[in-house]
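A structural walkthrough
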Amino acid sequence: MRLLGTADLRLAAARLVLRLALLGALVLTLPACAQHDFFVLGYHPYWMGDAYEHARLDAIDELLYFELAIEANGTFANTHGWEDRGVRMVETAHRSATRAAPSLTLFDAAVFTKLFTNPASVERLLQGTLAAVRDANADGVHLDIELFETVPPEARDAYTRFVADLSRTLGTGYTVTVFTLALDPADAYDEVGLAEAADYLVVQGYDLHHQHGDTAGPISALRGWGRLNWHAVLDRYDQLRVPRRQLVMAVPYFGYEWPTVTGEPGAATTGPGEIVAYAPISARVPEIPGSAVQRAAACGMRRDPVSGAPFYAYRDAEGQWRQGWYEDLVSLTEKFDFVKRKQLGGIAVFPLGFVGGELTAAVVEAVPLAQRTQLPRPVGDAVAIAQP
């Protein structure tokens, strides 16, 4: 190894100074999306009526009207009042400087296959989607297409092309966000292609223990429980090379209460879980009479030392063990910190209206407005193609 002389050292020092100067200039010119901005999506279910009027919209960057249900022929089977109630939601959101968009849903693999193997139906869906955005003065589209079984490759590829066509046709200022699975064992999605076509992938960060599962446990574990946790989910997307800044992690404002064999975490279930909201909502949704907070207070809230999730367990009047798992201020704050620490794109909360004010305030506290992704409102007549 040759020792450097004085002249060599001076030249090396000069080169180092030049490289540091160039690096500093690069950091100063990085786009906003590379500087730890944070995007917050919130789902407003149609069955919650005008609950959005009482929500802290300053906690939400884009409010989604859930749902416009897609038919196999590319029309909407049911818009659930988007034409009037949805329009009012958009207007309310805009008064609070919050973006708003419809959430289009499809939950059946057979319907998906029939739709996306028929070019005429795909074009009909494109035109109907553009019209829904235009007529409500919305700011984009969310595609909540959930597939849990294998679909033909040609249908999967046609869906990816549809997302790309939708993004291109909408144009500047509109957002296109796309639901994807945490683990996708059936390989139903082209996550890489969807990330290239859309602004964000909304990753299902919940139902890791699902309503009809064989065991009870955390529905949105941050760590532990084998691969059923956020670290494993992020590892999968990293391996796919999907940019982290495009990953929005969905968190649940609800939980499940299962009948179980014992009261211990991970116990086998003896039937499907019952949905429990975080806070009482029976006045609006009589089908969900229970509240996780109320039941935990009555039975004694416990916290899983592995995942950090809260749960409760008790025997009902017939002696049947029941376990309820949900998310609270502590576990959600950990998840918000995870998203920021890993430099992900943001969070999506589902559904708004199922929580008390403390969880919404936690979003504002965890993600100050100064750290939010400030997207421009749509400009021009980008959806003129949808005009009849």
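What comes next is a walk through the structure. (Residues numbered from 1 in each chain as written. Predicted model: local features only at pLDDT ≥ 70, side-chain atom pairs only at ≥ 80, totals over all residues. Heavy atoms only, no water.)

1. A closer look at the packing of helix α2 (residues 82-95) against helix α4 (residues 119-136)
In contact at an axis separation of 9 Å, α2 and α4 are set at 55 degrees when each is read in the N-to-C sense. When the interaxial angle is binned, α2 and α4 end up oblique. Like other packed secondary-structure pairs, α2 and α4 cross with a definite hand, here right-handed. Mapping the contact onto sequence places W82, V87 and V90 in α2 and A132, D135 and A136 in α4. (Axes fitted to C-alpha atoms, helices over the stretch in contact; angles between N-to-C directions. Helix = DSSP H or I, 4+ residues; strand = E, 2+ residues; numbered from the N terminus. Parallel < 35°, antiparallel > 145°, perpendicular 65-115°, else oblique. Left-handed = near helix turned anticlockwise from the far one by under 90°. Contact = heavy atoms within 4.5 Å.)

2. Overview of the pattern of salt bridges
Enumeration over the complete set of coordinates arrives at 15 salt bridges. Residue E62 pairs with R99 through a salt bridge whose shortest N-O separation is 2.9 Å. Of this pair, E62 sits in strand β2 (residues 62-70) while R99 sits in strand β4 (residues 99-106); the two residues are 37 residues apart in sequence, bridging distant segments of the chain. Each of the salt bridges in this network shares a partner with another, and the network as a whole consists of E257, E274, R295 and R322. (Salt bridge = Lys/Arg side-chain N within 4 Å of Asp/Glu carboxyl O.)

3. Let's talk about the packing of helix α7 (residues 230-240) against helix α9 (residues 329-341)
Look at α7 against α9: their axes get within 12 Å of each other, and the N-to-C directions meet at 25 degrees. The pairing of α7 with α9 is recorded here as roughly parallel in orientation. Here the hand of the crossing between α7 and α9 comes out right-handed. Here W230, H231 and L234 of α7 come into contact with α9, specifically with K335, F338 and V339. The residue inventory of the contact of α7 with α9, partitioned by class, reads four nonpolar, one polar and one charged. (Nonpolar A, V, L, I, M, F, W, Y, C, P; charged D, E, K, R; others polar.)

4. Looking at the environment of H94
Topologically, H94 is positioned in helix α2. For H94, a relative accessible area of 22% puts it in the partly exposed group. A C-alpha to C-alpha distance of 9.8 Å links H94 and L57, two positions 37 residues apart in sequence. Of the polar contacts made by the side chain of H94, one reaches the side chain of D139; its length is 2.7 Å. (Buried < 20%, exposed > 50% of the residue type's maximum accessible area, 1.4 Å probe, protein only. Polar contact = N/O pair within 3.5 Å; in protein donor to acceptor, adjacent residues only side chain to side chain.)

5. Quick word on the sheet that holds strand β11 (residues 302-303)
Strand order across the open sheet formed by five strands is β10-β9-β13-β12-β11, with antiparallel pairing between neighbours. Each edge of the open sheet is held by one strand with a lone partner, namely β10 (274-277) and β11. Bridge count for strand β9 (residues 254-260) against strand β13 (residues 321-325) is five bridges, and the pairing is antiparallel. Counterpart to W258 in the pairing with β13 is Q323. Strands β9, β10 and β12 (310-315) of the sheet are contacted by helix α8 (residues 292-299), whose axis makes an angle of about 60 degrees with β12. (Pairing = 2+ DSSP bridges.)

6. Some words on the nonpolar core
Formed by 75 residues in total, the largest nonpolar core has its most connected members in F116, Y159, F162 and V163. Contact partners of Y159, with chain neighbours within four places excluded, come to F112, F116, L143, I145, V178 and L194. Counting 21 residues, the second-largest nonpolar core is a separate cluster that includes Y43, A101, A250 and A309. (Core = buried A, V, L, I, M, F, W, Y, C linked by side-chain atoms within 4.5 Å.)

7. Structural notes on the environment of V192
Inspection of the secondary structure puts V192 in helix α6 (residues 191-197). On the basis of relative accessible area, V192 is assigned to the partly exposed category, the value being 32%. Those residues in contact with V192, other than ones at most four positions away along the chain, are L240 and V242.

8. Thoughts on the pairing of strand β8 (residues 247-252)
When a strand is regular, its side chains alternate between the sheet's two faces. Within β8, six of the six residues are buried, leaving the element largely enclosed by the surrounding structure. Taken together, the four bridges between strand β7 (residues 200-204) and β8 define a ladder with parallel strand orientation. Residue V203 lies in a different strand from β8, and its bridge partner there is M249. Tracing the backbone out of β7, into α7 and back to the parallel element β8 gives a crossover that is right-handed. Strand direction decides the pairing type here: β8 and strand β14 (residues 346-350), joined by five bridges, are parallel. Bridged to M249 within β14 is I347. (Right-handed = clockwise from strand over helix to strand, strands pointing away.)

The values are spatial; any link to function lies outside them.
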